[in-house]
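Coordinate inspection notes
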Amino acid sequence: MKLYYADHFVLPLPDGHRFPMEKYALLRQRLRDSGFFAEDDFRVPAAASDIEILRAHDAGYLARVAAGTLDAVEVRRIGFPWTAAMVERSRRSAGATLAACRSALDGEGGSACAANLAGGTHHAHRDFGSGFCVFNDAAIAALAMRAEGRVRRVAIVDCDVHQGDGTATILADSPEIFTCSLHGAKNFPFRKQASDLDIELADDTGDEDYLAALDDALDTVFNHARPELVIYLAGADPYAGDRLGRLALSIEGLKTRDERVLGTCRAAGVPVAVAMAGGYAQPIEDTVTVHFNTVHTAARIFGGRR
């Protein structure tokens, strides 16, 4: 199982910024220290090209991001100060999901898994960024896999606590790409968009109700969409201790969530690319633990390891 990382492409943030950028390096270090993965499993992705990005994003928006000519409103909506390093980091993060998709699809027996140790930037819309998201890696990757002739049908299973509004709007006219989002009904974004399947959850939803909703969603995804590739956004922010989550899942409940999604993909013989998406717990180690469990579970299910 290949793990694509870009945490050494540092996105500089001011002191006190609420985005936990350090979680990515902490995750990679914990995965290395686990002894579960070989050194060769860790890969640095190529940056997403203009051609790849422009399948999902408006040319004017890409040009403003690249040149640093976003206006103050656009920068504030993204939530990161513009720097050249921000642009490179965003390209690399999208490139990591592209690489994970290709790796999963090239897997032995046609059923494999790979992961982006960041990504899940699902609030980026076609012509603007939002909510700490510059480029929409899942949409970029899904459109690329179709353009490259690797698959016809893709499903994006988004289990971040916030709705994948950018993904929904970018892919609204792409019937071969099925968008599914399980999210807090009262959480950001406050103006929701229409995914192919939206599951809205009440504040304080816990493990049992969440997993029941997830099972129903997976039945719909696999029976209706019949995907040949799944892109799984495995957000850590449904965790009860997440500052921005408003749901009440335990760490074990989130691990079971991963087992359900990844186990369903494995049983159906469908390759899957995993992205980490959100996570804002304090202490940050809780978020890292949830992400670690996701990657470990994927390797165990697809690699037959314990």
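The coordinates are above.
All values reported here derive from a predicted model rather than from experimental measurement. (Residues numbered from 1 in each chain as written. Predicted model: local features only at pLDDT ≥ 70, side-chain atom pairs only at ≥ 80, totals over all residues. Heavy atoms only, no water.)

**Focus: the overall build of the protein chain**
To keep it simple, the criterion reads: Helix and strand labels come from DSSP, where a helix needs a run of H or I of at least four residues and a strand needs a run of E of at least two; each type is numbered from the N terminus. Put simply, the radius of gyration uses C-alpha atoms, and a globule should come to 2.2 Å times the residue count raised to 0.38. Only heavy atoms enter the contact rule, under which two residues are in contact if any of them lie within 4.5 Å. Only four residue types enter the tally: Lys and Arg on the positive side, Asp and Glu on the negative side; His and the chain ends are excluded. Lys charges are placed at NZ, Arg charges at CZ, Asp charges at CG and Glu charges at CD.
Each helix and strand counted, the protein chain has ten helices and eight strands in total. For 306 residues, the compact-globule estimate of 2.2 N^0.38 gives 19 Å, and the C-alpha radius of gyration of the protein chain, at 17 Å, lies within 12% of that figure. Restricting to contacts in the protein chain with at least 6 residues of sequence separation, those with at least 24 account for 75%. Distance between charge centres in the protein chain, computed from 33 positive and 42 negative side chains, equals 3 Å.

**As for helix α9 (residues 251-268)**
Worth spelling out the cut-off: Here a helix's expected span is defined as the number of its residues, less one, multiplied by 1.5 Å. Type-normalised accessible area, obtained with a 1.4 Å probe on protein chains alone, sets the label of each residue: buried when under 20%, exposed when over 50%, and partly exposed for intermediate values. What the arc measures is the spread of directions leading from the helix axis to the C-beta atoms.
Here α9 spans 26 Å end to end across 18 residues, near enough to the 26 Å set by a 1.5 Å rise per residue. Where α9 is concerned, the buried positions are Gly253, Leu254, Arg257, Asp258, Val261, Leu262 and Cys265. Projected onto a plane normal to the axis of α9, the buried residues spread over an arc of 160 degrees and lie on a single side. Exposed residues on α9 whose side chains face more than 90 degrees from its buried face are Glu252 and Ala267. In this fold, the buried residues of α9 make contact with α8 (207-225), β7 (229-233), β8 (272-275) and α10 (284-303). Gly269 occupies a position one or two residues after α9 and carries a positive phi of about 70 degrees.

**Let's talk about the pattern of salt bridges**
The cut-off we apply is this: Every case where a carboxyl oxygen of Asp or Glu lies within 4 Å of a side-chain nitrogen of Lys or Arg is listed as a salt bridge.
Scanning all chains against the criterion turns up 19 salt bridges. For Glu148, the salt bridge is made with Arg150, and the minimal N-O distance between the two is 2.7 Å. The class of Glu148 is partly exposed, set by a relative accessible area of 34%. Between Arg300 and Glu259 there is a salt bridge whose closest N-O contact spans 3.0 Å. One end of the pair, Arg300, is in helix α10; the other, Glu259, is in helix α9, and 41 residues separate them in sequence. Residue Arg300 is classed as partly exposed on the basis of its relative accessible area of 26%. Each of Glu52, Arg102, Asp106, Glu148 and Arg150 takes part in one network of salt bridges that share partners.

**Describing the side chain of Asn187**
Which entries qualify depends on this criterion: Under this definition, polar contacts are N or O atom pairs within 3.5 Å; protein pairs additionally need one hydrogen-donor-capable and one acceptor-capable atom, and for neighbouring residues in sequence, both atoms have to be side-chain atoms.
Looking at the secondary structure, you find Asn187 in the loop between β5 (177-184) and β6 (197-201). A polar atom in the side chain of Asn187 sits 2.9 Å from the backbone oxygen of Leu244. Once residues within four sequence positions are removed from consideration, Asn187 is found in contact with Val161, His162, Lys192, Leu244, Gly245 and Arg246.

**A short note on the packing of α8 against α9**
Selection rule: Axis definition: a line fitted to C-alpha atoms, over the contacting stretch in the case of helices. Angles run 0 to 180 degrees between N-to-C directions. The scheme is simple: roughly parallel for angles under 35 degrees, roughly antiparallel for over 145, roughly perpendicular for 65 to 115, oblique for anything else. Crossing handedness: left-handed means the near helix sits turned counterclockwise from the far one by under a right angle, and right-handed means the same turn made clockwise. Basically, the charged four are Asp, Glu, Lys and Arg, the nonpolar ten are Ala, Val, Leu, Ile, Met, Phe, Trp, Tyr, Cys and Pro, and anything else, Gly included, counts as polar.
Where α8 meets α9, the axes come as close as 10 Å, and the angle between the chain directions of the two elements is 15 degrees. The orientation of α8 with respect to α9, classified from their angle, is roughly parallel. Taken as a pair, α8 and α9 cross one another with a handedness that is right-handed. Together, Asp207, Tyr210, Leu211, Leu214, Asp215, Leu218 and Phe222 of α8 and Gly253, Thr256, Arg257, Arg260, Val261, Thr264, Cys265 and Ala268 of α9 make up the contact between the two elements. For the contact of α8 with α9, a count of residues per class yields eight nonpolar, three polar and four charged.

**A look at the nonpolar core**
Convention followed: Each nonpolar core is a collection of buried residues, namely Ala, Val, Leu, Ile, Met, Phe, Trp, Tyr and Cys, held together in the definition by side-chain atoms within 4.5 Å.
Among the nonpolar cores identified, the biggest contains 53 residues, and Leu31, Tyr210, Val230, Tyr232, Val272 and Val274 are the most heavily contacted of them. It is α8 that provides the largest number of residues to this core, a total of nine residues. Apart from the residues within four sequence positions on either side, Tyr210 is in contact with Cys159, Leu182, Leu201, Thr205, Leu247, Leu249 and Arg257. Listed in part, the 48 residues of the second largest apolar core include Leu62, Ala141, Met145 and Leu233.

**Let's talk about the sheet that holds β8**
To be explicit about the condition: In this description, strands pair whenever DSSP reports at least two bridges between them.
Spatially, the eight strands line up as an open sheet ordered β2-β1-β3-β8-β7-β4-β5-β6, and their pairing is parallel. Sheet topology places β2 (42-43) and β6 at the edges, where each strand pairs with a single neighbour. Where strand β1 (residues 3-4) and strand β3 (residues 113-116) come together, two bridges link them in parallel fashion. Residue pairing in the sheet places Leu3 in a bridge with Ala115 of β3. The strands touched by α9 are β7 and β8; relative to β7, the strand with the most contacts, the crossing angle is about 170 degrees.

**Re the state of the cysteines**
Heads up, the rule is: By convention in this document, the label disulfide applies to cysteine sulfur atom pairs within 2.5 Å.
Under the counting rule described, the total for this entry stands at zero disulfides. Here Cys101 is not cross-linked by a disulfide; its sulfur's nearest cysteine counterpart is in Cys113, at 10 Å. Lacking any disulfide linkage, Cys159 is separated from the closest cysteine sulfur, that of Cys180, by 6.8 Å.

**Focus: the packing of helix α1 (residues 23-33) against α10**
Relative orientation of the contacting elements α1 and α10 amounts to 50 degrees, with a least axis distance of 9 Å. It follows that α1 is oblique to α10 by the angle criterion. For α1 against α10, the interelement crossing comes out right-handed. Counting all contacts with α1, which are made through Lys23, Leu26, Leu27, Arg30 and Leu31, the residues of α10 involved are Ile284, Glu285, Thr287, Val288, Thr289, His291, Phe292 and Val295. Looking at side-chain class alone, the contact of α1 with α10 contains seven nonpolar, three polar and three charged residues.

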